[in-house]
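# Summary of structural features
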Amino acid sequence: NEASLGAWGYRFQRHLQVHGDMLIMRSELTNTGSEAFKTVQYTHNFLAFNRQQIGPPLTLQFGQDLSSYSEPGNEQGWSVPIASRFVLTAPNVWTANSALPAGGQRQSILTQFEGPKFNLNASSSYIADSGLGPAVVSVMTAGGHERLHGYKFFAQATAVCPEPLQEIALAPMESAQWEQRLVFSLHGPSSAISKFFSGVNSPSGENSHCLTKTMEAKHGPRGVVKGAATSLQRCMAQCLLYLKCQGVQYHPTSQTCDLMVDVITSAEVKQGYYCLKLDVPDDQRMI
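### Focus on the state of the cysteines
Two cysteines joined by a covalent bond between their sulfur atoms form a disulfide. Applying the stated criterion across every chain yields a total of three disulfides. Residue pairing for C235: its cysteine sulfur links by disulfide to C257, the two sulfurs lying 2.1 Å apart. Negative torsions about the S-S bond denote left-handed disulfides, and the value of about 85° found for C235 with C257 makes this one right-handed. Of the two residues, C235 sits in helix α4 (residues 232-240) while C257 sits in strand β18 (residues 256-260), which places them 22 residues apart along the sequence. Assessed through its relative accessible area of 0%, C235 is described here as buried.

Structure, rendered in structure tokens:
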């Protein structure tokens with residue numbers, strides 16, 4: 001009987017669904033006690049590519065600046081530095097440059113990202129590309145209670161584990177919900193990334209120029225983050241890793257990548273442009 005738990009109690013539910021190459025995990029935590037509490041939860045994300053050794057040409061792309069970090073495992077003498085196995089090829093991209101040997105925990109990596117450039121209000125989504133075919137894209141959604149408590153990264157011989165830690169604060173009888181969608185691909189990340197988008201005006205979104213409420217009200221191109229990308233797939237990847245992104249507008253000739261942070265309401269016909277909505281159920285990705 002939950003009512004008999006007194007001051008402290010909780011109910012946790014998790015539902016799993018598989019749709020083709022997509023795994024959906026929906027979670028709900030309810031405070032059933034009479035006292036408010038805070039807690040931290042995380043998903044271990046223990047990713048293994050058919051037991052292949054972790055190493056080049058693996059790349060890990062995050063929605064965070066991960067250029068500053070600490071390594072508690074090194075300080076305790078049981079892990080190796082991340083810089084001995086990965087190189088930071090962009091502020092948010094770690095690329096393997098040396099294979100992780102077998103040998104148990106002492107050959108593992110444990111990194112805790114922190115510092116002035118680390119943003120607790122940024123996205124926890126990530127793209128893991130083995131470079132040999134298999135790839136995984138993870139996008140998380142939530143209901144507003146969430147905030148990053150931290151971000152860790154663990155790796156060993158045959159697995160990599162991005163670990164976003166989420167802080168949840170609940171009043172008595174209050175609930176928090178979150179969802180993680182993982183898409184698996186055997187042919188690189190592009191096909192997995194496209195599973196999160198739907199075209200406006202046509203399945204591909206081709207020859208469409210995005211419109212939002214502010215644009216329809218003639219307030220100009222507000223609610224747009226201007227950028228650049230060498231392909232539509234790379235533009236969509238930027239959107240997945242940007243917390244407030246609602247969709248993309250892409251122009252291949254100029255390689256202009258507009259991240260739409262206002263909800264896309266419609267699109268007008270315009271040659272050479274693509275307009276695609278981010279097809280994720282909640283208003284905001286988990287932070």
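### So, the layout of surface pockets
A volume near 550 Å³ is recorded for the largest pocket. Q61, R234, A237, Q238 and L241 are, among the 25 residues lining the largest pocket, the residues nearest its centre. Among the elements of the structure, β4 (59-62), β9 (126-129), α2 (189-194) and α4 are those that each provide at least two residues to the lining of the largest pocket. Partitioning the lining of the largest pocket into residue classes produces twelve nonpolar, ten polar and three charged.

### Remarks on the packing of aromatic side chains
Enumeration over the complete set of coordinates arrives at six aromatic pairs. Residues Y69 and W94 carry aromatic rings whose centres are separated by 5.7 Å and whose planes lie at 70° to one another, so their mutual orientation is edge-to-face. One end of the pair, Y69, is in strand β5 (residues 69-70); the other, W94, is in strand β7 (residues 93-96), with 25 residues separating them in the sequence. Overall, the relative accessible area of 29% leaves Y69 in the partly exposed class. For W94, a relative accessible area of 4% translates into the label buried.

What counts as what
Residues numbered from 1 in each chain as written. Predicted model: local features only at pLDDT ≥ 70, side-chain atom pairs only at ≥ 80, totals over all residues. Heavy atoms only, no water. Disulfide = S-S within 2.5 Å. Helix = DSSP H or I, 4+ residues; strand = E, 2+ residues; numbered from the N terminus. Buried < 20%, exposed > 50% of the residue type's maximum accessible area, 1.4 Å probe, protein only. 1 Å grid on protein atoms, 1.4 Å probe; cavity = no way out; pocket = protein on both sides within 12 Å on 5 of 7 lines; lining within 4 Å. Points joined across faces, edges and corners; volume = space filled by probe spheres on them. Nonpolar A, V, L, I, M, F, W, Y, C, P; charged D, E, K, R; others polar. Phe/Tyr/Trp six-rings, centres within 6.5 Å; stacked < 30°, edge-to-face > 60°.

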